[in-house]
Structures are given as structure tokens and as C-alpha cells.
Amino acid sequence: MDFSITPDQRLMQESLARTLADVSGLERVRRFAGDPADKGADVYAALADFGLTGLIIPEEYGGLGLGLLGAALAAEALGAAVAPGPFLGACVLAPLALRLAGSKAQQGEWLPKIAAGQVVAGVAIAEQVAGARDGAGVTASGGKLTGKALFVTDALIADLFIVADQAGGLHLVRGDAAGLTRSAMISIDLTRPLGEVVFAATPAEPLDGGDGALAALRDAGWTLLAADTLGAAQVMIDKAVDYAKERRQFGRVIGSFQAVKHMCAEMIAELEPCRSLVWYAAYAFDDAPDEASLTAAHAKAHTSEVGRFIARTATEVHGGMGITDLLGLHFWFKRIGLNRQLLGGPERVRRLAAQIQGLTA
Amino acid sequence: MDLKLTPQMEAFREEVRGFLAAHRDHYAGGVAGSRPREAALEWQRLLIEQGYAARTIPKAYGGYGAEPDILKTRIIAEEFTRAGAPRGFANQGISMLVPTLLEVGSEEQKTRWIGPTLRGEVVWCQGYSEPGAGSDLASLQTKAVEDGEDFIISGSKIWTSTAAQADMIFCLVRTEPDAAKHDGISYILFPMTTPGIEVRPLKTMTGSAEFNEVFFTDVRVPQSAVVGGRGRGWFVANATLKHERGMLGDPNATEARLHSLIELMKTERVDGERLIDNPVMCDRLMQLQARVMAMKFNGLRLLTASMTGEPAGMAGLVVKLQGCELNHQIAALAIDALGELGVLYEDGPHLRAKGSWQWNYMFDLGLIIGGGTAQIQKNIIAERGLALPREPKLASV
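Treat the numbers as computed from the prediction; the structure is a model and nothing was measured.

## Details of the packing of helix 9 (residues 258–287) of chain A against helix 10 (residues 289–317) of chain A
Residue and element names in this part refer to chain A.
So, point 1. In contact at an axis separation of 8 Å, helix 9 and helix 10 are set at 160° when each is read in the N-to-C sense. Regarding the angle of helix 9 to helix 10, the classification is roughly antiparallel. Remark: the crossing between helix 9 and helix 10 carries left-handed chirality.

Pasting the structure below:
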């Protein structure tokens, strides 16, 4: 019985954090966020070099072959660094879809390229997980897809798409396929671009893994969004605590006032148990499949709630400086804000959590 | 992360399960109570003999004498919860005094008190808080004045649970009036039958007296009854306060309570609809389930840390604050889900769960306050966990 992160896993996470500090400091994040033409190629190349693009891809295809816990620890580091560019869809969900539902030929064609960072894959599963809005939804017929998908990860730069249709089937679509058009959806979080992809009788290859694969993508997505929030929220607390130790008012550092001190204590008291919940959800994905969906749902919904509380409270601890662009705290605030809504807000996810365990119909 | 148990541990689990199945008759009727009855004493003796209670207390002092093995302790806890079997006594004598004596007691004190305490033959109460010394416990004023070989103790204590049933008290008294606040306190043991002690029940909002006030008027106690040295009482008591806080946030108990709530919401109906089918109530239930899970996994993390000897850090500091609040919220949802039925309290045809949800809701508010208030917990988290500075001390207010 060992409920902890191994020294190797910790080392990987710390090493990733150092890499991110080198290639993607706050100034780099600002440039990415401020320039739509900036695709973050330098950052992605460094992350591919680190092995992030092949994190969960089997070694036979040039990856590291880690489980979801490894990916969650990476997501935590990326959230902590508000790292710009692809990860959730491109480095985890897309290869996972190929791993779970792809044929040998599909795996052999795409996984090595994804692992090498040569191909970025967008993932379009929002309608099937978070619900269809504004007439979105994709239907499959005769090897062609029609309809539109919203909130597609890295939609503008993707070379390849993994698309869920309305019946829950998964498809692989090439970025240059006929009848495919894409446009940006600009969210609060400018570090992770999203987009809308329209399919007009667009040729697609089925990924035959079926419903089980889509549910697995959902669970993995929920867990990694929670892990990203965990990392981002921890940094917000660290920054708030540091600020409370430095900032003086009324002749004292503000952290000596219980009103401020208790805000800090409440934040960490809420976040610390989330760490165990996220670890467990990620562990369950590979090692306790019966519990995977429920723990992923709870990790997503609960960490989102805690994340929102921390994002606003840590900002408040900074006083007026907290809301300035200059300080940059808002990058973390917005990161947490996007994680909360993507793949379903807490209320929707909790409704699913009750259904997953058979409590409600 | 590897939560699988070794075959030896699985075998141990089977052993506990087998014992509980074979002894169902011993506990089916319920054996608990603050003044143990004969059946409860017998159950406790059986548990010690099996190593399911007093497991790591040395044999010489009346325990089972096993090496500490946190995993086995946890398996025992899980199986007892699963079977609905009462655990060994968890009174203040066992959970607070015994560890204290093991740590700093004299050989004579250990031999004399630990065995009878473990077996439930001697019941203790804790004399810490005073009317003027709550969160600021070290300002306590009950004084013990030297008189020959004895102390003469005068003053009063409050929030003393089981004082009316207790044989003995472990008590903090001020023995060195001229010493600094934290250095003038001694930790002392004496019988509740000593002349000059008056116990008055302290009725709370639940309607029953879970606590007492205790008044001391010239109570004569031998100086030899001090534990851990004169003037060292603050440090002696602090060593065991952490045991109390750990006990107050036990995730197993919280999980059991959540299961009762889920059962309630699945079986109770209003207008023919199950309570759980009300989307708002279901949403609140799921919020609590996520919190219960998070605290359960936090507990597993603490367990691993204590097995490997690593400091538990923040994960340990938050348990009392979060655990007590969570218990309170579970009771609150049960009341809300029951609607009008949720207010019933006295026995009658419509009462659910013997009124325990309301009782828990009120009693648990006391637990949020007791054992270090939520606000004191936040100070501890901020100062020890986050290294934020202490509130500057004022000369006077």
C-alpha cells in the first residue's frame, strides 16, 4: 500500500517545471497571449524534446509509455507555469484515442509522429461530454462527417483531428481533408487556443473503439483539467502567501492580520485534499477501472469549485495589484476559469457523477 | 501509487473478517456507552486479546504488544466499520492519557494506570479548558498550592465530558504562579472521588449534557501524581492534543455517515419522488461525496507518510478543520433533504433515524469549536504550514 508519488515521478515533474521556467516564463506567456500569429512553436519543440508529446504513447511508437498519473503530474506543472500551447488534446487525449480505439495501422501511422512533435492533433469531443450548443454536433455516414464541433483543442494549428460523432463513435480526420473549415473561439484563457471546426461531407476514418473509448477520453480529460487547476491554484496560493509576507500596511505585514492569514489558510485547506483526489483519479484510470469515472468526475467538479475559490481569494489577498495586467496573476485566474467550464462545468459533471454510480437515472 | 495489499495483508483482513463473523452475538445488541457495562468490558477484553484494541501497547502494561503496523490498524478499522461492529473503546483515557503516560509517565504510573484504562475498568475525564481559558488554554488559572507532600487544588474546569461517570481526571493546574505562562503548568492525575470536587452537568443545545463543569475547592492531591515533571504540563498536554485532533477528523466515520445519508436519500420519498431525484439535493450530495473522497484519499496519503516516516505536512494540518466541517455539512443536507420531517426530534411515528441528524448537526457544531476552534486551526495552518507571521502581541487591550 503506497499512496504517494514515486521519486522518479517527482523528478520528472520538477524537471518539467525547470524546462518550463526556461522556455516559457511569464514574458513568453504574455507574448503568446498577445499575438494570435504566435503559435508557440519554440515552446512546443522544447516540450517535445522533453518527451511531453510522447508521454503516454507506448515505447514501441517512440513514446515514454507512462500512465495517466504521469500525465496528470505533467498537467499540474503546465498549469503552474500557465504554459501556452497544446497539451491536453494533442499530447494526451488524441494519442489515448488512438491507443484505445485505433487500428494497428492507424497507431503505426500517427503515434510516432505525435510522439516526435511533428503532428499536432486537435480533439473534438465537447458536444458528447459537455453537451451540444448552438446547433453543434457531428454526424457520420458513409465514411464522411457533417456538422460542426465547438471547443476543439488547438483547432487552428491541428494537422489531425479526433472527432466524436453524435452516436458516440470516434473518427480520425486529416487537417487538410475536403470540406473542413476552422475558426478561432477566443476564450478568457489565451494560453490554450480553442476553435470551431465545421465538417461538410468531410472524409474520415473510423476509430472502432466505440463508447468505451469516448468515456475514457472524458475521464482522462476531467482528471487532467483538475490536475491543471491544481497546479495553477497552488501557484496562486504561493504568490498570495509571499505577497502577504511582504506587503506592509498599518505598520505590519498584512499576513500577520488574521483576516488575511485565514484567507490563506482556507485556500490551502481546500486545495490540499484535492491533490490526493487528483492523484487517485489518475491512478484509478489505469489501475482501478471500476472507480475511474466517478473519481474523475469528482476530481473535475470539486477541484473546479476549489479552484474558483482560490482564484478569487488569492487575487483579493493581492489587493488592487491582484487585478492588474502588470502583475499577471490573471493568467492563472483565467486558466482555472477555462478548466472549470471545459468538458462540462461542475453542476453538469456532478449530475453525471450521480448517474455513473447508478444513484439517479 | 500502488494501493494493492500484499497477500499477508489480505490474509490479515480475512482473519479480522472471520473473527467479526464468529463473534456477531457479542456486539449485535450494541455495547457502547460512556460508563462501560459488563458486556462492553467483556468485548473490550476480547478485542485486546485478539490484538484489535490496544494493539501496540506493550504487553507489560496490559496491551497486545504488537509492533506498530499502520496498515493492519487500518484494516481493523475498515473491517469493523464494514461489519458495524463497535471498535475498542476510544475514550479520552485511552486516546489521550495512555499515549501521554507511555511517552512521559513514570514506571509506577504506567503500571498502575494503563492496563485498567485499556480494559475500561478506569474511566477518565480531561480537565483542560476553563471558563477563562478556552482557545488561550495556557492562561488557565486553576491553582495547585504546595502543602507538604501534597498540592491543594482550587478552581474550575469546563467542557469536561464524562466527568460524572469518570473515576479519575487528568488535569492541567498552575503549580508555579511566578513562572511564565507556559512554564507554570503541571499535568496531574487524581480520583474524582477526592473530597472538594463538584460536578455540574452542562446541558447543551442538543438537550442533553454531553459536558460538565467541574469545581475544585481545596482538593488535596499528592505531588507524586504529577506526570512528566512539575511545570512541564503544557508540553505534556500538547504532545497529546494532536491525538485528539486526529481523532476528530477520522475519515472512516465521515464515510460511514455519508453512506447513511445516501441510503436516506434513496429510500425517503416526497410526493412519490425519491429525495435523491431532486436535482438540487442530488447536486449537494455529490459535492459532499467529492469532499468525503478527497478526505479519504488525503487519509491514505497521511497513512503512507506515517509508514515511511515522512512528515505529513499540510495534508495533516487540515484534517480537523475539514473533517469536522464535512460531518456538519452531511448532517445539514440530511435535514434539508428531509424537509419538514427534518425538524422532528422527539420519538414519534414520523421521526427518522431517531432524530440523529439534528443531534449530529448540533453536536458537530460543538466539535467544530472544541479541540481547537476552526479559527485556531486556521492560525495553525497559516503559521506552522504557510509560515505566516503570528499576530503581534499587545501589551494590554
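## Topic: the environment of Trp222(A)
Residue and element names in this part refer to chain A.
So, point 1. In this fold, Trp222 is placed in helix 8 (residues 211–246).
So, point 2. Looking at Trp222, the relative accessible area reads 0%, which means it is buried.
So, point 3. Separated by 142 residues in sequence, Trp222 and Ala80 have C-alpha atoms that sit 17 Å apart.
So, point 4. Residues contacting Trp222, with those up to four places away along its chain left out, are Val129, Ser293, Ala296, Ala297, Lys300, Leu343, Val349, Leu352 and Ile356.

## Description of the domain arrangement of chain A
All names here are of chain A.
So, point 1. The domain boundaries assigned to chain A delineate domain 1 (7–115), domain 2 (121–209) and domain 3 (212–356).
So, point 2. Here the C-alpha centroids of domain 2 and domain 3 sit 28 Å apart.
So, point 3. Across the contact, 16 residues belong to domain 2 and 19 residues belong to domain 3.
So, point 4. Each partner contributes to the roughly 1500 Å² buried at the junction of domain 2 and domain 3, and carbon and sulfur atoms together form 73% of this total.
So, point 5. Applying the counting criterion to the domain 2 and domain 3 interface returns one salt bridge.
So, point 6. For the side of domain 2 that touches domain 3, the element with the most residues is helix 7 (residues 126–130), which contributes three residues.

## Some remarks on the interface of chain B and chain A
When the parts come together, some accessible area is lost, and that loss is often what is quoted as the size of the interface.
So, point 1. In this complex, chain B contributes 47 residues to the contact, which on the side of chain A involves 41 residues.
So, point 2. Roughly 4100 Å² of surface becomes buried between chain B and chain A when both sides are summed, with 66% attributable to carbon and sulfur atoms.
So, point 3. Three residues stand out in chain B for area buried against chain A, namely Met1(B), Phe297(B) and Arg301(B), and they jointly supply 20% of the buried area on that side.
So, point 4. Viewed at the interface, chain A and chain B are joined by six salt bridges.
So, point 5. We note a salt bridge from Glu391(B) to Arg252(A), for which the minimum N-O separation is 3.7 Å.
So, point 6. The tally of links from chain B across to chain A stands at 21 residue pairs in polar contact (both at pLDDT 80 or more).
So, point 7. Looking at the side of chain B that touches chain A, the elements that each hand over two or more residues are helix 8 (251–267), helix 9 (279–308), helix 10 (314–317), helix 11 (319–338) and helix 13 (374–385) of chain B.
So, point 8. Examining the composition of the side of chain B that touches chain A, we find that 18 residues originate from one element, helix 9 of chain B, more than from any other.
So, point 9. Residue composition of the side of chain B that touches chain A, by class: 28 nonpolar, seven polar and 12 charged.

## Comments concerning the nonpolar core
So, point 1. Core analysis: the largest hydrophobic core is formed by 210 residues, its most contacted members being Phe87(A), Tyr187(B), Leu189(B), Leu261(B) and Leu285(B).
So, point 2. Per-element tally for this core: the top contributor is helix 8 of chain A, with 20 residues.
So, point 3. The residues contacting Leu189(B), other than those within four sequence positions of it, are Leu97(B), Leu101(B), Trp113(B), Trp124(B), Met168(B), Ile169(B), Phe170(B), Val221(B), Ala225(B) and Val227(B).
So, point 4. In this structure, Ala144(B), Cys171(B), Met192(B) and Ala225(B) belong to the second largest nonpolar core, which totals 20 residues.

## Quick look at helix 1 (residues 7–23) of chain A
Residues and elements named next belong to chain A.
So, point 1. Taking 1.5 Å as the rise per residue, helix 1 with 17 residues should run 24 Å; its terminal C-alpha atoms sit 24 Å apart, in good agreement.
So, point 2. Taken together, the buried positions of helix 1 are occupied by Met12, Gln13, Leu16, Thr19 and Leu20. Take helix 1 and look down its axis: the buried residues cluster within an arc of 125°, on one side only. Projecting away from the buried face of helix 1 at angles above 90 degrees are the exposed residues Pro7, Leu11, Arg18, Ala21 and Asp22.
So, point 3. Buried residues along helix 1 sit against helix 3 (41–50) and helix 4 (68–80).

## Examining the state of the cysteines
So, point 1. If you walk through the whole model with that rule in mind, you get zero disulfides over all chains.
So, point 2. With no disulfide of its own, Cys171(B) lies 8.1 Å from the sulfur of Cys125(B), the closest cysteine sulfur.
So, point 3. No disulfide involves Cys324(B); its nearest neighbouring cysteine sulfur is the one of Cys274(A), lying 19 Å away.
So, point 4. Relative accessible area serves as the criterion here: at 3%, Cys324(B) is assigned to the buried category.

## Concerning the pairing of strand 2 (residues 137–141) of chain A
Residues and elements named next belong to chain A.
So, point 1. The sheet contact formed by strand 2 and strand 3 (residues 144–153) spans five bridges and is antiparallel. Residue Val138 lies in a different strand from strand 3, and its bridge partner there is Gly147.
So, point 2. Hairpin connection between strand 2 and strand 3: a loop of two residues separates the two successive antiparallel strands, and Gly142 in this loop has a positive phi of roughly 55°.

## Considerations on the layout of surface pockets
Gaps left between atoms show up when a probe the size of a water molecule is rolled over them.
So, point 1. Taken as a whole, the second largest pocket encloses approximately 1100 Å³ of empty space.
So, point 2. Mapped by element, the contributors of at least two residues to the lining of the second largest pocket are helix 9 and helix 10 of chain A together with helix 1 (7–22), helix 4 (70–83), helix 8 and helix 9 of chain B.
So, point 3. For the lining of the second largest pocket, the element with the most residues is helix 8 of chain B, which contributes eight residues.
So, point 4. Tallied by class, the residues present in the lining of the second largest pocket amount to 19 nonpolar, seven polar and 13 charged.

Each value, and the rule that gives it
Counting restarts for each chain: residues are numbered from 1 in the order of the written sequence. For naming, the first written chain is A and the first written ligand is 1, with later ones following in the order written. For a predicted model such as this one, the threshold for reporting local features is a pLDDT of at least 70, and the threshold for listing and counting side-chain atom pairs is 80 or more; totals across whole chains, interfaces and linings nevertheless cover every residue. With hydrogens and water excluded, all non-hydrogen atoms of the structure serve as input to the side-chain values. Every axis corresponds to a line fitted to the C-alpha atoms, with the helix fit spanning only the stretch in contact, and the corresponding angles, defined between N-to-C directions, vary from 0 to 180 degrees. Think of it this way: any DSSP run of H or I at least four residues long counts as a helix, any run of E at least two long counts as a strand, and we number them from the N terminus. Each angle receives one of four descriptions, namely roughly parallel if under 35 degrees, roughly antiparallel if over 145, roughly perpendicular if within 65 to 115, and oblique otherwise. By convention, the crossing between two helices is left-handed when the near helix turns anticlockwise from the far helix through less than a right angle, and right-handed when the turn is clockwise. Any residue under 20% of the maximum accessible area for its type is buried, any over 50% is exposed, and the rest in between are partly exposed; the area is computed with a 1.4 Å probe on protein chains only. Only heavy atoms matter for contacts: two residues are in contact if any of them lie within 4.5 Å across the pair. Start and end positions for the domains come from either an automated domain assignment or a database one. Two parts placed together each lose some accessible area; with a 1.4 Å probe, that loss summed over both constitutes the buried area. By definition, a salt bridge exists where a carboxyl oxygen of Asp or Glu is found within 4 Å of a side-chain nitrogen of Lys or Arg. Two N or O atoms form a polar contact when they lie within 3.5 Å of each other; inside protein one atom must be a possible hydrogen donor and the other a possible acceptor, and for residues adjacent in sequence the pair counts only when both atoms belong to side chains. We call Asp, Glu, Lys and Arg charged. Ala, Val, Leu, Ile, Met, Phe, Trp, Tyr, Cys and Pro are nonpolar, and the rest, Gly among them, are polar. Here, the term nonpolar core denotes a set of buried Ala, Val, Leu, Ile, Met, Phe, Trp, Tyr and Cys residues that are joined through side-chain atoms within 4.5 Å. By this rule, a helix spans an expected 1.5 Å times one less than how many residues it contains. Working definition: the arc comes from the directions between the helix axis and the C-beta atoms, pointing outward to the latter. Any cysteine sulfur atom paired with another within 2.5 Å is treated as part of a disulfide. By this definition, two strands are paired if DSSP reports at least two bridges between them. Space inside and on the surface of the protein is sampled on a 1 Å grid over the protein atoms alone, with a cavity defined as a set of points where a 1.4 Å probe fits but cannot get out and a pocket as an open set with protein on both sides within 12 Å along at least 5 of 7 lines; lining residues have an atom within 4 Å of a point. Grid points are joined across faces, edges and corners, and a volume is the space filled by probe spheres set on the points.

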